[in-house]
Amino acid sequence: MNTATRSDIPKNRSWYQRNRFAITPWIFLAPAILFFTLYVIAPIFQSIWISFFEWNGLGAKTWVGMGNYVELMDDDRFYTSLKNNLWWLVLYMLAVPIGLAIALFLNQTVTGIRLYKSLFFFPFVISQVVVGLIFTWFYNPNFGIVAIIWEFFGATPPAILADEDLVTFGIIFAGLWPQIAYCMILYLTGLNNVSPDQIEAARLDNAKGFGMLWHVILPQLKPATFIAVVVTVIGALRSFDMIAIMTGGGPWGSSNVLAYFMFETSLSEYGFRMGYGSAIATVLFLIMLVYISFFLYRMYQDEKGN
Amino acid sequence: MFTPLVRTATAVLTAAIISAPAMAADLVINYDDLNAAPKEAFETAVAKFQEANPDINVIVNNTDREAHKTAIRNFLSADAPDVTSWYPGNRMAPFVDAGQFEDISDLWESEGWSDALASTKPSMTRDGKQWGVPYTYYQWGIYYRSDIFADNNITPPTTWDELLSASAALKEAGVTPFTIGTKFLWTAAGVFDYLNLRTNGYDVHNDLTAGKIKYTDPRIVDVFEKWKELVEPGYFVENHATMSWQEALAPFIQGEAAMYVMGNFSVAAMREGGLTDDQIDYIPFPTINPDVARAEEAPTDAFFIPANAKNKEDAKKFLKFVVDADVQTEWNATLGQLPINKNATPGDDKFIQKGFETVSTAAGLAQFYDRDAPAEMAKAGMEGFQEFMVKPERMDDILKRLDKVQERVYK
């Protein structure tokens, strides 16, 4: 080996050695690509494919073409779910400004502030299922805290989770609790990175109060805001556990959302209509796709800008 | 070459492989009830079976009922046990049709079960064959607070008019006549089934759940009109849509409600809640149309052998053991339910005695709305019942909607 002359080396270089700059990134990417394809991309197409069949998950599949989609367009439960999903999207957004407000409030140095921050962050740490259970008790018209407050004012407490008009808002309100904590923590970390120099400079220019927040602080918090909006939209679209634990989509399906409706039709005790469930999943996917494309486009623009 | 560790591991492994055939044959049983009484009854029976068959190594997987309902779809094809619990009627249909349950008609034939288990044979039969064996069933009816009835001088109703006047009297006395918790829907189906069975009878129940009668049929509309007579005066507890059946026990136990249309499994919970047998009693659901033969709800639980089971011989042995009269007597005495073998003796509990009387003299036994109707119809139907109980004025819309679902489900 040692006797080889320097001029031999280029000739003896293997194909890999000659191309390693092109290949190495792919080797590193390979595991991720493989598993992403296997567990994310493939199932998307698989479930779109299944949505063209009538299938109970056990027996033979029957081709029904667009039948499931036609049925979906004529299904009241689908429109109820869609409408509720929109409510979720709109009202869940409240988590962002409220999270910001709490973050600003907590962004000060007083004794024990770490404890207060932890307490505010606490709802995000506990499981959604537990949050759902706690709020189910709050809302209980016989012994819940809501009932006690109502009765204090001499009113008859509403059965929030049994009222078709209130139930969705009741669940969204419960869902907001941990979501606000999440947005708050995002803003708290964002606030750590706000440059003191700029604030100093703004002060010298006589900026204060809301003007200071709007023109100086918020622009610097843009990355945090972006992430907060992203996680909130995703949280709203995949709202599932709260509904499962608090109402199971009831009363009579009026608190359903697409994600839970899909689960109910394809996987719950009275379901196992895999084709129909897949059709719902496909519609939900298309809705998310609009949003995901926007998100990817923004990311791409940002990267290019840098 | 081998390090000591590898050598030991190999030795252990080899020993395990060699000794395996010498060990008893495994019999895997999947069961689905973790509640105290059913669990004890099941475990006692398994211990007895193990004792009688020392050459069989019984392995039990007991899971929660709801989890079992989902898991069964996986384990039947992926990792089948030798015996599994499940439900007869329409609930077993998808598995039977997919060929995942073993046909055991020969066992029914050779063991003479058609006679001993006559009452439950129809529900275990599909395509003219039997697919499993029942191990217990229980009655439904009205459980009522006999002390509250006595305090208000009300006699237990036997007819619809008596039921209405008893309800009115209770309401007058500040007691809600009926408690119910419809959060999980099926409780409302119990009320519907009884109103239907008493108004139209067993055949209409079967035709409806088989999709042969529309929900807008005048006979079914009649049922809802009867139901209105209970809903509109407020004879059911308020906010029932927020409560599970267990939560709905609270007003019953506290004396705020006096009747409960329920299955016999609720008695154990009533006793746990502090009620004594002097305070609670059972009556069959009152007569509505005297010309209709009295049919009852009696949901049955059963055992099946998966088609992919590895040890079918011993599985059959277990099924034979389960339906044996003595085993049935003991099992259901512990469970607090009714034995399915007619040669077995029902327990001496008063509810069991009355239930046995009610069920054994019935003209027909319905499984339950959500077991007789296909799953999708059952879900839509029960949501409709729940909605009706809160918004009775929507009756027409609900019935039309159910017709639409029915048309699709049974096509």
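Keep in mind that this is a model prediction, so the values were computed, not measured. Residue indices follow the written sequence of each chain, beginning from 1 at its first position. Written order determines the labels here, with chains lettered from A and ligands numbered from 1. In view of the model being predicted, local features appear only for residues whose pLDDT reaches at least 70, and side-chain atom pairs are presented and counted only at 80 or more, with totals across whole chains, interfaces and linings using the full set of residues. Side-chain calculation: all heavy atoms of the structure are included, whereas hydrogens and water are not.

### A closer look at empty space enclosed by the protein
All names here are of chain B.
So, point 1. Grid points spaced at 1 Å and placed over the protein atoms alone form the basis of the search, with a cavity being a set where a 1.4 Å probe fits but cannot get out and a pocket an open set showing protein on both sides within 12 Å along at least five of seven lines. Lining residues have an atom within 4 Å of a point. Grid points are joined across faces, edges and corners, and a volume is the space filled by probe spheres set on the points. Evaluated as defined, the whole model comprises one cavity of 30 Å³ or more.
So, point 2. As a volume, the largest cavity reaches approximately 40 Å³.
So, point 3. Taken together, Ala 41, Thr 44, Ala 45, Val 327, Glu 330, Trp 331 and Thr 334 make up the full set of residues lining the largest cavity.
So, point 4. A run of DSSP states H or I qualifies as a helix once it reaches four residues; a run of E qualifies as a strand once it reaches two. Both are numbered from the N-terminal end. Sorting the residues of the lining of the largest cavity by element identifies α2 (36–52) and α16 (325–335) as the ones contributing at least two each.
So, point 5. If you tally residues by element for the lining of the largest cavity, the top one is α16, at four residues.
So, point 6. Looking at the lining of the largest cavity residue by residue, the classes come out as four nonpolar, two polar and one charged. In this count, Pro and Cys sit with the nonpolar residues alongside Ala, Val, Leu, Ile, Met, Phe, Trp and Tyr, while Asp, Glu, Lys and Arg are called charged and the others, Gly among them, polar.

### Topic: the environment of Ala307(B)
Residue and element names in this part refer to chain B.
So, point 1. Within the secondary structure, Ala 307 is located in the loop between β12 (300–304) and α15 (312–323).
So, point 2. Each C-alpha atom, one on Ala 307 and one on Arg 401, is 38 Å from the other, the two residues being 94 residues apart in sequence.
So, point 3. Apart from the residues lying within four places of it in its own chain, the contact partners of Ala 307 are Gly 99, Gln 100, Phe 101, Glu 102 and Lys 312. Any two residues whose heavy atoms approach within 4.5 Å are treated as being in contact.

### Overview of the pairing of strand β9 (residues 257–263) of chain B
Residue and element names in this part refer to chain B.
So, point 1. Buried means the residue's accessible area, taken with a 1.4 Å probe over protein chains only, is under 20% of the maximum for its type, while exposed means over 50%, and partly exposed covers the values in between. Taken across its seven residues, β9 has seven buried, putting it largely inside the fold.
So, point 2. Across five bridges, the pairing between strand β7 (residues 140–145) and β9 is antiparallel. Each residue of the ladder has a partner; that of Gly 141, found in β9, is Met 262.
So, point 3. Note on pairing: DSSP must find at least two bridges between two strands before they are called paired. Looking at chain direction, strand β8 (residues 176–179) and β9 are connected through three bridges and run parallel.

### Topic: a negative patch on the surface
Residue and element names in this part refer to chain B.
So, point 1. Only residues whose relative accessible area exceeds 30% and that form no salt bridge enter a patch; like-charged residues are grouped when within 9 Å of one another, and nonpolar side chains (Val, Leu, Ile, Met, Phe, Trp, Tyr) when within 5 Å. Surface accessibility in these figures is a Shrake-Rupley result with a 1.4 Å probe; residues are shielded only by whichever protein chains are displayed. We define a salt bridge as a side-chain nitrogen of Lys or Arg found within 4 Å of a carboxyl oxygen belonging to Asp or Glu. The convention is simple: Lys and Arg are positive, Asp and Glu are negative, and His and the chain ends are not counted. By convention, the point assigned to a charge is CZ for Arg, NZ for Lys, CD for Glu and CG for Asp. A surface patch of negative charge is lined by Asp 161, Glu 162, Asp 222, Glu 225, Glu 229, Glu 232, Glu 393, Asp 396 and Asp 397.
So, point 2. Looking at the negative patch, the elements that each hand over two or more residues are α9 (160–172), α12 (218–231) and α20 (395–409).
So, point 3. In terms of residue count, α12 provides more of the negative patch than any other element does, three residues in total.
So, point 4. The class of Asp 161 is exposed, set by a relative accessible area of 58%.

### A word on the nonpolar core
All names here are of chain B.
So, point 1. By convention a nonpolar core is built from buried Ala, Val, Leu, Ile, Met, Phe, Trp, Tyr and Cys residues, the set being connected through side-chain atoms within 4.5 Å. If you look at the biggest cluster of nonpolar residues, it comprises 73 residues, and the most contacted ones within it are Ile 142, Phe 192, Phe 224, Trp 227, Phe 236, Tyr 369 and Phe 385.
So, point 2. At seven residues, the largest contribution of residues to this core is made by helix α19 (residues 375–390).
So, point 3. Every residue in contact with Trp 227, bar those within four places of it in the chain, is listed here: Ala 188, Val 191, Phe 192, Leu 195, Phe 236, Phe 385, Phe 388 and Met 389.
So, point 4. Judged by nonpolar contacts, the second largest core, of 53 residues, contains Phe 95, Ile 104, Leu 107 and Tyr 135.

### A few points about the domain arrangement of chain A
Residue and element names in this part refer to chain A.
So, point 1. The domain boundaries here were taken from an automatic or database domain assignment. Split by domain assignment, chain A resolves into domain 1 (8–50) and domain 2 (68–305).
So, point 2. Each of domain 1 and domain 2 was reduced to a C-alpha centroid, and the two centroids are 37 Å apart.
So, point 3. Residue-level contacts link four residues of domain 1 with five residues of domain 2.
So, point 4. For the pair domain 1 and domain 2, the summed buried area comes to about 380 Å², and 67% of that belongs to carbon and sulfur atoms.
So, point 5. What counts as buried area is the accessible surface, traced by a 1.4 Å probe, that two parts surrender upon association, with contributions from both included. A per-residue breakdown of the area domain 1 buries against domain 2 is headed by Ser 47, Ile 48 and Ile 50, which together make up 80% of the total.
So, point 6. Looking at the side of domain 1 that touches domain 2 residue by residue, the class counts come to three nonpolar, one polar and no charged.

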